[in-house]
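# Examination of the molecular architecture
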Amino acid sequence: MKVAVMGYGTVGSGVVEVIESHDNVITKRTGGEPLEVAHILDLRDFPGDPHEKLFTKDFNDILSDDEVRVVAETMGGVEPAFSFTMKLLKAGKSVVTSNKELVAQKGLELLEAAEESGANYLFEASVGGGIPIIRPMSQCLAANNIEGVAGILNGTTNFILTKMIEEDMDFSDALKLAQDNGYAEKDPTADIEGFDACRKVCILASLAFGKHVYPNQVATEGITKITLEDVAYIHSIKGVIKLLGQIKYISDDKIAAFVSPAVVQHGSQLASVNDVFNAILVRGDAVGDVCFYGPGAGKLPTASAVVADMVDAAKHIERKKIFGWGAGSEDYVVDYKSTIEMPFYVRAKANKVKIQAIFGEVKFLSRIGQPSDEVAFITDRMTENALDNKLAGVDVINIIKVTNY
Ligand code: HSE
């Protein structure tokens, strides 16, 4: 079967490589039909690339090729990926994607277009890189009411935090290394400010609870405020700091969803997830906690998931896969700061007496080199708004959520 690839960056070139290098296994898994890359769309030139004859700068070459039934969109960004994907789906071609920004922003419209034309829109690679999570969430856990999801969803930030914690590496050196390894987004702000994890939270929340969640509904905080001092305090209570996406079921009409650094205790399955690895812990009412772990970014792991979707789309060319969700609403995602209670780690310029006067008995933390006018402590469970009220007159240095996952 002829296929096409749109976007020949890290993931797209990996897709072409995997299709070629895994020809035998792919042909077996499609039921005897090899995948043949007929077009590669990219505006850039790739002189000397062995696929030179396949390159095109004109999207219509793919759209008008009736033999192309499955297209991988690995361009990233909303436009022109959205317009191209919409046209392909309307033309009855199946599209598979690693583009989490597009699925998070426009997934509902694209899934509806696929529904109408009978094509498939598949996005296993959009969350967790090479980790199987979209199908397990929507199929294998289908018997459960999902109570919550917590995930380390961004490989770049997990890589940076690991290098900072374990090798004392500078933030910018660790980021550069993540970029060199092909983990980071084109604009790595999306990684370090949490936007990439936010998009993945939107996709997981939409799948888990059946209503579209948009990025602007998910409160998002990145890792730029995390310091080695915070790491040392948290280490003293056998914890680590991770960038977590968290989703909580409240009722059929309400969920909470947020992305932030979080303290994870050493016993948690998430605590030992290091480097570029991601893990997604899903809490179901029948199954309990299940954790999906693996490489969360990178050329071949992500390509592995994209090509698996291409195989699935090729196998189901005349059949519709049941994936998707319905419309969300503005008030569907609650303001977690006024609703969700949890303990917090607080670091402040203050003395213990003042903190005890405000919070009562709290757990104080210590670190080597702690200045005499600095305290760090873990609060009781409370909402973030209640915490902010209590801290109104305190010179706060940092606040980090403590998770129960
Ligand atoms: N920049 C992303 C990450 C790529 O680091 O996780 C995979 O989605």
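Structure report, in brief. Since we're looking at a predicted model, the values are computed, not measured.

## Overview of the site of the ligand
Neighbouring residues of the ligand: Lys100, Asn154, Gly155, Thr156, Tyr183, Ala184, Glu185, Asp191, Asp196, Lys200, Gly296 and Ala297. Between Gly155 and the ligand, the recorded distance is 2.7 Å, taken from a backbone N or O atom to an oxygen atom. Asp191 has a polar side-chain atom sitting 2.7 Å from a nitrogen atom of the ligand. The residue makeup of the shell around the ligand, split by class, is 3 nonpolar, 4 polar and 5 charged.

## Examining the state of the cysteines
Tallied over the full model, the rule gives 0 disulfides. Of all cysteine sulfurs in the structure, the one in Cys291 sits closest to Cys140, which takes part in no disulfide; the separation is 15 Å. Judged by relative accessible area, Cys140 falls into the exposed class, the value being 61%.

## Let's talk about the environment of Asp388
Take Asp388: it is sitting in helix α15 (residues 384–390). Between the alpha carbons of Asp388 and Ser138 there is a distance of 37 Å; along the sequence they are 250 residues apart.

## As for the pattern of salt bridges
A complete count under the given rule lists 24 salt bridges for this structure. Across the pair Glu17 and Lys299 runs a salt bridge, and its minimum N-O distance is 3.4 Å. With Glu17 in helix α1 (residues 10–21) and Lys299 in helix α12 (residues 299–315), the pair connects residues that are 282 residues apart, well separated along the chain. Between Lys200 and Asp196 there is a salt bridge; the shortest N-O distance is 2.5 Å. Of the two residues, Lys200 and Asp196 are both situated in helix α10 (residues 195–209); the distance of 4 residues between them amounts to about one turn of the helix. A relative accessible area of 4% places Lys200 in the buried class.

## Looking at α10
An ideal rise of 1.5 Å per residue puts 21 Å on 15 residues; α10 measures up with 21 Å between its terminal C-alpha atoms. The buried fraction of α10 amounts to 13 of the 15 residues, a majority that puts the element mostly inside the structure. Looking at the residues trailing α10, positive phi occurs at Gly210, about 85 degrees.

## Details of the sheet that holds strand β4 (residues 68–73)
Read across the open sheet, the 6 strands follow the order β3-β2-β1-β4-β5-β6; overall the sheet is parallel. The open sheet has two free edges, formed respectively by β3 (55–56) and β6 (121–122), since each of these has just one partner strand. In the sheet, strand β5 (residues 94–97) pairs with β6 via 2 bridges, with the strands oriented parallel. Opposite Val95, over in β6, you have Tyr121 as the bridge partner.

## A closer look at the environment of Phe277
Among the structural elements, Phe277 can be located in strand β11 (residues 277–284). Classification of Phe277 as partly exposed rests on a relative accessible area of 28%. Spatially, the C-alpha atom of Phe277 lies 34 Å from that of Val68, the residues being 209 residues apart in sequence. Those residues in contact with Phe277 that sit more than four places away from it in its chain are Ile152, Asn158, Tyr293, Gly294, Pro295 and Gly296.

## What about the packing of aromatic side chains?
Taken as a whole and assessed by the stated rule, the structure comprises 13 aromatic pairs. Ring geometry for Tyr8 versus Phe46: centroids 4.9 Å apart, planes at 85 degrees, classification edge-to-face. Remark: Phe46 occurs in the loop between β2 (36–41) and β3 and Tyr8 occurs in the loop between β1 (2–6) and α1; sequence separation between them is 38 residues. Exposure remark for Tyr8: the relative accessible area of 9% places this residue in the buried category. Relative to Phe55, the ring of Phe46 has its centre 5.1 Å away and its plane inclined at 20 degrees; by these criteria the two rings are stacked. Among the aromatic residues, ring-to-ring pairing joins Tyr8, Phe46 and Phe55 into one connected group.

## Concerning unusual backbone geometry
Between Glu79 and Pro80 the backbone carries a cis peptide bond, its omega angle lying at 5 degrees. Phi at Asp168 is positive, roughly 60 degrees, even though this residue is not glycine. Inspection of the secondary structure puts Asp168 in the loop between α7 (155–167) and α8 (171–180). A positive phi is found at Asp275, a non-glycine position, where the angle reads about 55 degrees. Relative to the elements of secondary structure, Asp275 occurs in the loop between β10 (254–265) and β11.

## Considerations on the nonpolar core
The biggest cluster of nonpolar side chains holds 109 residues, and the ones touching the most others in it are Val15, Tyr121, Val282, Met310 and Tyr345. Membership of the second largest hydrophobic core comes to 20 residues, among which are Phe258, Met342, Phe344 and Met382.

## A look at the side chain of Gln246
In this fold, Gln246 is placed in strand β9 (residues 239–251). Aside from chain neighbours lying at most four places away, what touches Gln246 is Val149, Ala150, Val201, Ala256, Ala257, Phe258, Ala262, Thr403 and Tyr405.

## Side note on the packing of helix α5 (residues 100–117) against α10
A packed helix pair is summarised by two numbers, namely the angle formed by the two axes and the spacing between the axes. One can describe the packing of α5 onto α10 by two numbers: an axis separation of 8 Å at closest approach and a directional angle of 50 degrees. The angle between α5 and α10 places the two elements in the oblique class. Between α5 and α10 lies a crossing whose hand is left-handed. Taken together, the residues of α10 that come into contact with α5 (itself represented by Lys100, Glu101, Val103 and Ala104) are Asp196, Arg199, Lys200, Cys202 and Ile203.

What counts, and at which threshold
Residues numbered from 1 in each chain as written. Predicted model: local features only at pLDDT ≥ 70, side-chain atom pairs only at ≥ 80, totals over all residues. Heavy atoms only, no water. Near = heavy atom within 4 Å. Polar contact = N/O pair within 3.5 Å; in protein donor to acceptor, adjacent residues only side chain to side chain. Nonpolar A, V, L, I, M, F, W, Y, C, P; charged D, E, K, R; others polar. Disulfide = S-S within 2.5 Å. Buried < 20%, exposed > 50% of the residue type's maximum accessible area, 1.4 Å probe, protein only. Helix = DSSP H or I, 4+ residues; strand = E, 2+ residues; numbered from the N terminus. Salt bridge = Lys/Arg side-chain N within 4 Å of Asp/Glu carboxyl O. Expected span 1.5 Å × (residues − 1). Pairing = 2+ DSSP bridges. Contact = heavy atoms within 4.5 Å. Phe/Tyr/Trp six-rings, centres within 6.5 Å; stacked < 30°, edge-to-face > 60°. Core = buried A, V, L, I, M, F, W, Y, C linked by side-chain atoms within 4.5 Å. Axes fitted to C-alpha atoms, helices over the stretch in contact; angles between N-to-C directions. Parallel < 35°, antiparallel > 145°, perpendicular 65-115°, else oblique. Left-handed = near helix turned anticlockwise from the far one by under 90°.

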